[in-house]
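Analysis of the macromolecular model
What follows is each chain in one-letter form.
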2 protein chains.
Amino acid sequence: MNDELIFAEEQIPEPGNASPQKPWKILIVDDDEEVHSITKLALRNFTFDSRPLQFLHAYSGQEGIEQLTEHTDIAVCLLDVVMESEHAGLDTARAIRETLNNGFVRIVLRTGQPGQAPEETIIAEYDINDYKEKTELTRGKLHTLLYSCLRSYRDIISLDRSRQGLERILESSTQLHQKTYLKDFAQGILEQISAVLSPEEDAFYAKNNGVAAFEHSGNLRIIAGTGEYSEYENNDAAAVLPEDCRDILDDTSPGFRSKLTSSGFISLYRSNDEHTGLLFMRDLKTRNQLENHLLQMFCRNALTAFENISLRTLLEESQREIVYLLGDAVEHRSKETGFHLRRVSEISYLLAQRSGLSEEQAGFIREAAPLHDLGKIAIPDAILNKPDKLDATEWAVMKTHSEVGYEMLHSSDKPLLKMGAEIALDHHERWDGTGYPAGKAGTEISIAGRITAIADVFDALCSRRVYKPAWDIKQVEEYFQLQRGLHFDPDLVDILFENLDEFIAIQQRFPDPEPQPHD
Amino acid sequence: MNDELIFAEEQIPEPGNASPQKPWKILIVDDDEEVHSITKLALRNFTFDSRPLQFLHAYSGQEGIEQLTEHTDIAVCLLDVVMESEHAGLDTARAIRETLNNGFVRIVLRTGQPGQAPEETIIAEYDINDYKEKTELTRGKLHTLLYSCLRSYRDIISLDRSRQGLERILESSTQLHQKTYLKDFAQGILEQISAVLSPEEDAFYAKNNGVAAFEHSGNLRIIAGTGEYSEYENNDAAAVLPEDCRDILDDTSPGFRSKLTSSGFISLYRSNDEHTGLLFMRDLKTRNQLENHLLQMFCRNALTAFENISLRTLLEESQREIVYLLGDAVEHRSKETGFHLRRVSEISYLLAQRSGLSEEQAGFIREAAPLHDLGKIAIPDAILNKPDKLDATEWAVMKTHSEVGYEMLHSSDKPLLKMGAEIALDHHERWDGTGYPAGKAGTEISIAGRITAIADVFDALCSRRVYKPAWDIKQVEEYFQLQRGLHFDPDLVDILFENLDEFIAIQQRFPDPEPQPHD
């Protein structure tokens, strides 16, 4: 698999050009005012990596700690030994590392009385970075000292930024995996790209105009958009890409590719299975090689995960279609047409949600509801399609469909099919115990069975059938009022009434086609 | 979501106790032998972080570069300025950073002729970490210098290890996402745990005895095992966990948990949907806080991804079951029993693979093959189950099942259902153009149609039916030889013959039950 990472040459990310260079913070901790002024004088006009110095001043160990608490980005601390006590500086050095937990600031101990603080013991026992006698601190030596300290500090900070960036990517990757829905996942990727680059940054980085798209069967569909692209969901992604980003789509071989142009950043992953995930962030800029690297690491990781979630979503959709197909195959035999199953499914889902079931349980009920009449597959045409009333024997055969459906489904260990078995078995039971096949009563009947019983009858009454017109909603309400506690679970009927508008809306969302002549 | 990380107290990971402490490598580059011996003498018995020094010697800049090339873990380089040339040391310093690209070694320039190398210019222009005159290098000053350099080096190396560890985790996470199969994914996690911790390590870490398990519907099933657990696939994971790791299963609330005991390391993630992913590595030990941290980061990330892949796999299995159910529902009406559909599916898959289709295409054919007779759902009982030969009108009705099946499936945009439509439409076409419904010939017939036509007939001939006994394989071969190029694609028939044993093995893997009396 090739793995190209193209950063367009026109962009000059290094050195950072967005803001005037931040100074290096140098903290002088000394109870002698003169040491402060001499140090400042000696380092006047000093710069390192084109950045000047900014001096902070403390006149006791205690004040030093306060400054370091306030400024967590102090690069170098020049620390006197004898101040409020004979070992105030040593205590301060220890507190910086152990109490403030600051391992990054470079600590240079400066003593005027070397006898007080024997060098060999101190450098071994305290986690300091250098030990100087004040007499050594000529201008030249101070310059060398600052170069030495700032170089180490810069290297450490740069490695730590890199570490933090990677940690943020991993953390966001872990969080993203916990998103169940493709759109949430895609939205999450877009929101985290900026955070991964510059967690502390402001204005510019907050403008997040991006799209996440996924291609299968030749259609590069936008799954989520942020900012100005938030209205573009389900549109073709190629249409929103700027000219200078679009050519990345031309190469159809598997692998990762990224490109950073003046219009923005685009990253793409084609799997071996010919699926493509794409991320585009308009106007995104990076400020250095580290950000380029982090951006690529993030996108590679996010895009592979994105493919997985996309495929899962495709599977869910495809499974839903097959379940409907299965239900429709049964309906087809009994000459029912239209969207009965879709409506029963959605009505059951809404009832399940409103009755306080978990989203997962409600989801299974929605997915499995179309299987409620599966057992009718075994009912002979002569009975299933008999235009007249069934006689007792025929009715007994017809009623076997509950148990046949159950038998077809219940041996599966898949939650969806188990749920289908339960619904098939119980959807003709009645709250008062007069239903079939088992004559269960009340909560002996599974909640899924009680829910689909209501959904099935509600939709049948509201819809036109070959043998009856559609009832108006008042008649339907009267019927349910009458059957509350007889045929139907009274609590569920109350929930139906409390949310009647929403249930009617489902009816209207999936209208049946005009009636066909009976074939 | 809570996020507990329990490290059992009995383990004392810090300081590393596995091997005797590795020394810090100090490189002396000086053309004066005496400088080498004096430096060694002054630093005799010096230790830092309980680790001694190991001296490496070079007598020219060139030799210094050679040593640094060979030993990439040199901590400090004490570098003379004037050696083979007046600026040999300066050239060496530049080469270390720019040619060897080694930013970690602490370079201390030591000069005997300060006039030759003016301190202020050199410290500014060369990426060195300190500048000393040789006269300064008393025992005390050398000690301070070494402490200073080794502290920085230690901090930098430790951050870099952390960065590298995170980068390995991200890289392995990205690679894992590219695994299509749950078992490969789980196996990959187990293999990468050790690599993430200690890429360069040996013996101990190579012993990889671990399991990855996933729980749904109350069954904590081993998906993959390594080392001694490689035979435990599909077993209950709880049974293989040591006593002191097992209690992590007791807490059933959602979240991450890890535990490191003397028996090993266990990490667990329970999602809000009550799925659980579990990783266990027997005898795994960590050597420091960084490894603990990396281990947790890795497991958190891997377990969330593992859940996604597991759910996708469950969906695939559940979809396959539903497709069979759909096919079985049709078969149920036409009173066929047994595993005809499973066999047709597997035979089609093998033919597709052997004929050079991509794994993805072959997979779709396998999944969709059970839908080939879907249209029979619309054929009246009287025709479908007529014991006698059909008359011309009845036969015409029977033949509509190809197109009815196609109509039911083809409007989906899901690859599986599209494939089902193609198979339903073409599986009764014949190579010589005498089939139905369209009378297509040769490669006008889709490859999926040509494949399933062979699979359907092959299985029908090899199996017992109510109207005929099972043929023996010689008769079947003769029939296919006869129909090669008439009914069937000749190339596919050749592939069937070339792999006949494998096809017969499929027949035997899914035997039909004993015949039932016709009901």
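Because the structure is predicted, anything quoted here is derived from the model rather than measured.

Quick notes on the rules
In this numbering scheme, every chain counts its residues from 1 along its sequence in written order. Here the convention is simple: chains get letters from A, ligands get numbers from 1, in the order in which they are written. The predicted origin of the model limits local features to residues at a pLDDT of at least 70 and limits the giving and counting of side-chain atom pairs to 80 or more, whereas totals for whole chains, interfaces and linings rest on all residues. Excluded from the side-chain calculations are hydrogens and water; all other atoms, namely the structure's heavy atoms, are used. Here, the term nonpolar core denotes a set of buried Ala, Val, Leu, Ile, Met, Phe, Trp, Tyr and Cys residues that are joined through side-chain atoms within 4.5 Å. Residue burial is assigned from relative accessible area. The probe radius is 1.4 Å, only protein chains are included, and a residue is buried under 20% of its type maximum, exposed over 50%, and partly exposed in between. Here a residue-residue contact requires only that any non-hydrogen atoms of the pair lie within 4.5 Å. All copies are superposed by least squares; the fitting set is the C-alpha atoms of residues with a pLDDT of at least 70 in both. Axis geometry follows a simple rule: fit a line to the C-alpha atoms, using only the stretch in contact for helices, then measure angles between N-to-C directions, giving values from 0 to 180 degrees. In this description a helix means any DSSP run of H or I spanning at least four residues, a strand means any run of E spanning at least two, and both kinds are numbered starting from the N terminus. Note on angle classes: values under 35 degrees are labelled roughly parallel, values over 145 roughly antiparallel, values of 65 to 115 roughly perpendicular, and the remainder oblique. Crossing handedness is defined as follows: a turn of the near helix away from the far one that is anticlockwise and smaller than a right angle gives a left-handed crossing, while the clockwise case is right-handed. Charged residues are taken to be Asp, Glu, Lys and Arg, nonpolar residues to be Ala, Val, Leu, Ile, Met, Phe, Trp, Tyr, Cys and Pro, and polar residues to be all remaining types, Gly included. When DSSP finds two or more bridges between a pair of strands, those strands are recorded as paired. When the strands point away from the viewer and the connection leading from the first strand across the helix to the second strand turns clockwise, the crossover is called right-handed. Pairing of aromatic rings covers Phe, Tyr and Trp, the last through its six-membered ring, and needs centres within 6.5 Å; plane angles under 30 degrees mean stacked, over 60 mean edge-to-face, and all others mean tilted. Whether a charge lies above a ring is judged from NZ of Lys or CZ of Arg, which has to be within 6 Å of the ring centre and within 35 degrees of the ring normal.

Comments concerning the nonpolar core
In terms of nonpolar packing, the biggest core is built from 90 residues, with F458(A), F480(A), F458(B) and F480(B) touching the most fellow members. When near neighbours in sequence (up to four residues on either side) are disregarded, F480(A) contacts I454(A), V457(A), F458(A), L461(A), F488(A), V493(A), L496(A) and F497(A). Membership of the second largest hydrophobic core comes to 70 residues, among which are F185(A), L279(A), F256(B) and L260(B).

Remarks on the relation of the copies chain A and chain B
Laying chain A over chain B is done by rotating through 180° and shifting 0.1 Å along the axis; what remains is an RMSD of 0.2 Å. Taken together, the rotation and translation describe the operation of a two-fold axis. Taking the C-alpha atom as reference, chain A places R163(A) closest to the rotation axis, 2.3 Å from it. The fraction of interface residues of chain A whose copies in chain B are also interface residues reaches 100%, indicating that both copies meet through the same surface.

Remarks on the packing of helix α17 (residues 473-483) of chain B against helix α18 (residues 490-498) of chain B
Residues and elements named next belong to chain B. Running from amino to carboxyl end, α17 crosses α18 at an angle of 160°, the nearest separation of the two axes being 10 Å. The pairing of α17 with α18 is recorded here as roughly antiparallel in orientation. The handedness of the crossing between α17 and α18 comes out as left-handed. Listed contacts from α18 to E477, F480 and Q481 of α17 are V493, L496 and F497. Taken together, the residues of the contact of α17 with α18 break down into four nonpolar, one polar and one charged.

Comments concerning the pairing of strand β7 (residues 106-111) of chain A
In summary, the side chains of a regular strand alternate between the two faces of the sheet. Residues and elements named next belong to chain A. For β7, the buried fraction is high: six of the six residues fall into the buried class. The alternating pattern of β7 places R106, V108 and R110 on one face and I107, L109 and T111 on the opposite face, and all of these are buried. One ladder, built from five bridges, connects strand β6 (residues 74-80) with β7; its direction is parallel. Along β7, the bridge assignment pairs D80 with R110. Crossover connection from β6 via helix α3 (residues 88-98) to parallel β7: handedness right-handed. Looking at chain direction, β7 and strand β8 (residues 130-133) are connected through four bridges and run parallel. In the strand pairing of β8, R110 is matched with K132.

Here's the deal with the packing of aromatic side chains
Counted by the stated rule, this structure contains 32 aromatic pairs over all chains. Measuring from centroid to centroid gives 6.2 Å for F185(A) and F306(A), while their planes differ by 5°, and the two rings are stacked. With F185(A) in helix α6 (residues 182-197) and F306(A) in helix α9 (residues 289-333), this pair connects stretches of sequence that are 121 residues apart. As far as the burial class goes, F185(A) and F306(A) line up, both buried. Pairing W24(B) with Y153(B) gives two aromatic rings, centres 6.3 Å apart and planes at 80°, and the pair type is edge-to-face. Taken together, the positions of W24(B) in strand β3 (residues 24-29) and Y153(B) in helix α5 (residues 139-177) put the pair 129 residues apart, joining distant regions of the chain. Across the pair, Y153(B) and W24(B) agree in class, each one buried. Grouping aromatic residues by their ring pairs yields a cluster made of F458(A), W471(A), Y479(A), F480(A), F488(A) and F503(A). In this structure, R366(A) packs its charged tip against the face of Y349(A), placed 4.0 Å from the ring centre. Sitting above the plane of the Y324(B) ring, R342(B) keeps its charged end 4.1 Å from the centroid.

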